[in-house]
Structures are given as structure tokens and as C-alpha cells.
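Tertiary structure, described
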Amino acid sequence: MSLPLQAALWGLLGGGALVLGAATGYAAPIPRRWVSAIMAFGSGVLISALAFELMAEAHEIGGLAATASGFMAGAIIYTLANLALERYGAAHRKRSGDQQAAEADHPGSGSAIAIGSLLDGIPESIAIGLSLLQGGSTSLVMVAAVFLSNIPEGLASAAGMKRAGRSPRYVFSLWLLIALCCSLSAGIGAIAFADASDASIALIMSIAAGAILAMLIDTMVPEAVADTHEAAGAIAALGFLVAFAPSHGGA
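Note that the structure is predicted; figures quoted are calculated from it, not measured. (Residues numbered from 1 in each chain as written. Predicted model: local features only at pLDDT ≥ 70, side-chain atom pairs only at ≥ 80, totals over all residues. Heavy atoms only, no water.)

**Topic: the overall build of the protein**
What counts, and what does not: Numbering of helices and strands starts at the N terminus; helices are DSSP runs of H or I of at least 4 residues and strands are runs of E of at least 2. Partly exposed residues are those whose accessible area sits between 20% and 50% of the maximum for their type, while under 20% is buried and over 50% is exposed, using a 1.4 Å probe and protein chains only. Residue contacts are defined here by distance: any two heavy atoms, one from each residue, within 4.5 Å place the two residues in contact.
Within the protein one finds seven helices and zero strands. Sequence-ordered secondary structure for the protein, helices as α and strands as β, is α-α-α-α-α-α-α. Evaluated residue by residue, the protein yields a buried proportion of 47% over its 251 residues. Restricting the contact set of the protein to residue pairs at least 6 apart, pairs at least 24 apart contribute 85%.

**A few points about the environment of P123**
Within the secondary structure, P123 is located in helix α3 (residues 109-132). Taking the C-alpha atoms as reference, P123 lies 7.5 Å from A209; in sequence the two are 86 residues apart. Discounting residues that sit within four places of it in the chain, P123 has contacts with A208, A211 and I212.

**Structural notes on the nonpolar core**
Heads up, the condition is: In these notes, a set of buried Ala, Val, Leu, Ile, Met, Phe, Trp, Tyr and Cys residues joined through side-chain atoms within 4.5 Å is what counts as a nonpolar core.
Among the nonpolar cores identified, the biggest contains 37 residues, and L54, M142, M205 and I212 are the most heavily contacted of them. Those elements that provide at least two residues to this core are α2 (32-86), α3, α4 (140-163), α6 (198-228) and α7 (232-248). At 14 residues, α2 tops the list of elements feeding residues into this core. If we ignore the near neighbours within four places in the chain, the residues touching M205 are E53, L54, E57, A58, I61 and L130. V19, I113, V171 and W175 belong to the second-largest nonpolar core, a separate cluster that totals 13 residues.

**Looking at the UniProt feature "transmembrane region" (unreviewed entry) in the protein**
Spelled out, the test is: UniProt positions are given in the numbering used here, feature names are shortened, and annotations may be inferred rather than shown by experiment.
UniProt annotation of "transmembrane region" (unreviewed entry) refers to residues 37-56, 63-85, 170-193, 199-219 and 231-249 when read in the numbering used here. The span residues 37-56 shows a helical share of 100% and a strand share of 0%, and its end C-alpha atoms are spaced 28 Å apart. A distance of 30 Å separates the end C-alpha atoms of residues 199-219, which is 100% helix and 0% strand.

**Some thoughts on the packing of aromatic side chains**
What counts is decided by this rule: Stacked, edge-to-face and tilted are the three classes for Phe, Tyr and Trp ring pairs, Trp counted by its six-membered ring, which pair at centre distances within 6.5 Å; planes under 30 degrees apart are stacked, over 60 edge-to-face, the rest tilted. Charge over a ring is defined by NZ of Lys or CZ of Arg lying within 6 Å of the ring centre and within 35 degrees of the ring normal.
If you walk through the whole model with that rule in mind, you get four aromatic pairs. Between F52 and F240 the ring centres are 5.8 Å apart and the planes differ by 75 degrees, which places this aromatic pair in the edge-to-face class. With F52 in helix α2 and F240 in helix α7, this residue pair connects regions lying 188 residues apart in the sequence. Three or more aromatic residues joined by ring pairs make a cluster, and in this case those are F52, F240 and F244. Between K162 and the ring centre of Y26, over which it is positioned, the NZ or CZ distance is 5.3 Å. Positioned above the aromatic ring of Y170, the side-chain terminus of R166 is 5.3 Å from the ring centre.

**Description of helix α5 (residues 168-192)**
For the record, the criterion: By this rule the span expected of a helix is its residue count minus one, scaled by 1.5 Å.
Given a rise of 1.5 Å per residue, 25 residues ought to cover 36 Å, and the 35 Å separating the end C-alpha atoms of α5 matches this to within 8%. For α5, the set of buried residues is V171, L174, W175, I178, A179, C182, S183, S185, A186, G187, G189 and A190.

**So, α2**
The condition that has to hold: One fitted axis covers the seven residues ending at a residue, a second covers the seven starting there, and the bend at that residue is the angle between these axes.
If you check α2, its first and last C-alpha atoms are just 23 Å apart, much less than what 55 residues at 1.5 Å a residue would give, namely 81 Å. Of all the bends in α2, the largest measures some 130 degrees and sits at G63.

**A look at a nonpolar patch on the surface**
The following threshold applies: Patch membership needs two things, relative accessible area over 30% and no salt bridge, and members are linked within 9 Å if like-charged or within 5 Å if nonpolar (Val, Leu, Ile, Met, Phe, Trp, Tyr). To be clear on the numbers: accessible area is Shrake-Rupley with a 1.4 Å probe, and residue cover counts the displayed protein chains and nothing else. Here a salt bridge means any side-chain nitrogen of Lys or Arg lying within 4 Å of a carboxyl oxygen belonging to Asp or Glu.
A cluster of nonpolar side chains, contributed by M1, L5, L9, L12 and L180, occupies part of the molecular surface with about 510 Å² of accessible area. Tallying contributions element by element places helix α1 (residues 3-27) first for the nonpolar patch, with three residues. Here L180 lies in helix α5. Accessibility expressed as a relative area gives 55% for L180, which makes it exposed.

**Comments concerning the packing of α4 against α6**
As a reminder of what qualifies: Each axis is a line fitted through C-alpha atoms, and for a helix only the stretch in contact is used; angles between axes span 0 to 180 degrees, taken between their N-to-C directions. Roughly parallel means an angle under 35 degrees; roughly antiparallel means over 145; roughly perpendicular covers 65 to 115; every other angle is labelled oblique. Each crossing is labelled by how the near helix is turned from the far one, with a counterclockwise turn of less than a right angle marking it left-handed and a clockwise turn marking it right-handed. Amino acids are sorted into nonpolar (Ala, Val, Leu, Ile, Met, Phe, Trp, Tyr, Cys and Pro), charged (Asp, Glu, Lys and Arg) and polar (every other residue, Gly among them).
Interaxial distance between α4 and α6 falls to 11 Å at its minimum, and their mutual angle equals 40 degrees. One finds that α4 runs oblique with respect to α6. Crossing of α4 against α6: the hand is left-handed. Note on element contacts: α6 touches α4 through I212, M215, M220 and E223, opposite M142, S149, E153 and A156. Residues of the contact of α4 with α6, tallied by class, amount to five nonpolar, one polar and two charged.

**Section: the state of the cysteines**
Just so we agree on the cut-off: Only a pair of cysteine sulfur atoms within 2.5 Å qualifies as a disulfide here.
For the structure on display, the rule yields zero disulfides. Distance from the sulfur of C181, which forms no disulfide, to the nearest cysteine sulfur (C182) is 7.2 Å.

**Focus on the confidence of the model for the protein**
We apply this condition: The predictor reports its confidence for every residue as pLDDT, a score running from 0 up to 100.
Per-chain confidence: the protein averages 82 in pLDDT, with 87% of residues scoring 70 or above. Taken element by element, the protein is modelled with least confidence in α3, mean pLDDT 76, and with most confidence in α2, mean pLDDT 88.

In C-alpha cells form, the structure reads like this:
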């Protein structure tokens, strides 16, 4: 099986977790405190993955200059794009409460939420595709981290969409489309950078890491601390450890 196809399938697995989470969040009346706790856990998982699977790898193959510049570029690009989307009602797209804008109150917010959700998933998917270029096999830790973090993302966002009055057709069409885009992004990442230099791969990996961290702070952490309060840090630490342990258990 070709590397791009492998990347696309792994990306689909990670993106599919959004659909699984969305189905759970839309159908089941999960207490908001549990939603926040799950989001805190997912945040810890992603922080661990971007630190040890992306930044450490980027630094090893490309050096500090490429890694640092890419990391900050990714964070700035994501932040600017997110600020633009906030003007159209996408600021609270991962909130499970009443914060999400309804289409009737904020025309165009549905499209903005869709674009914002896609923006959130692309860096993770590209990172999965790039991981295949390092040794010919994907990082299972990275895939697992994306999968585990996407479940609470989809869960919280779908619960908020339901409260905002969005239809099941809108919610599930959105997440199915994003899952397919995640698959496509992973495959494109494997194709586009197949012959790239180590410095270029390090730059792209660190850009993805910076964008993921900015996404975490802007969209996931507010939901994580909303109802868990003081427990959020400990829950996130558990998620960090769950992602850290598999690749460091023999050290």
C-alpha cells in the first residue's frame, strides 16, 4: 500500500473520531462537567503529542532555527485565521453549553463554524501524513493522540450545536465532511513533502505543532476548565501521561 494511501487511511481514523464524538454529544445527554473533563483529558493528550511527536522530532531532524520559526509561524497563522472566523460567529465552536451562536441570531455562523472546525483538524492530519515520511510507518502515538482528542472535540461541539438549534443533518454532514478532509489532508501531506529536505519537513511539522497548540488554548481549554475548574489540570496531566507513556515506557 502506498504511503499517501496509508496516510489517508490513518487520517480518516483520526478524523472519524470527530464523528463518533459528535454522535455521542448530539444523542446522549452527557453532563457538562463530564464533557469538560473529557476535553481536559484530550487537551493533555494533544499537548504531549505535539511536544514529543512533533516538536522533538522536528528539532532532531531540522535543528532549532527551523523548528522555532515554524512553531511560531503556525501559532500566528492559526490565531489570525481564528480571529477572522470569530467575527462571523465561530468563536465558541467547541463549547458544549449555550455559547454557540444560532444561525437566526448570527447569520453565517453555520458556515464559519464549519470552516473553523476544518481549520482545527488540518494541522493534526498533516502531522499524521508527515510522520509516515520518517521511517516509512506512521506514529501510532500521534494517531492515537489525535483520535483521543477528537472524540471530546466532536462531543462538546455537537452538544453545543444542538443547544444552538442546529439540525442533525447539519451536525453530521459537517463532521463527516471534516473527517474526509482530514483524510485528504493526511494523504496530501505525505505526497507534497515526499521529496522534501529534512529542514523543510521539520519546518512543516513545527508549523503544525504551533497551530495545534494555539487551537488548544483558543478552543479546547476554555471548555476544559468551564465545569471541571480546579480538577482540569490534573485531568489534563493524566491525558498527557497516557500519550507520553507508550513511546517512553522502555526508557
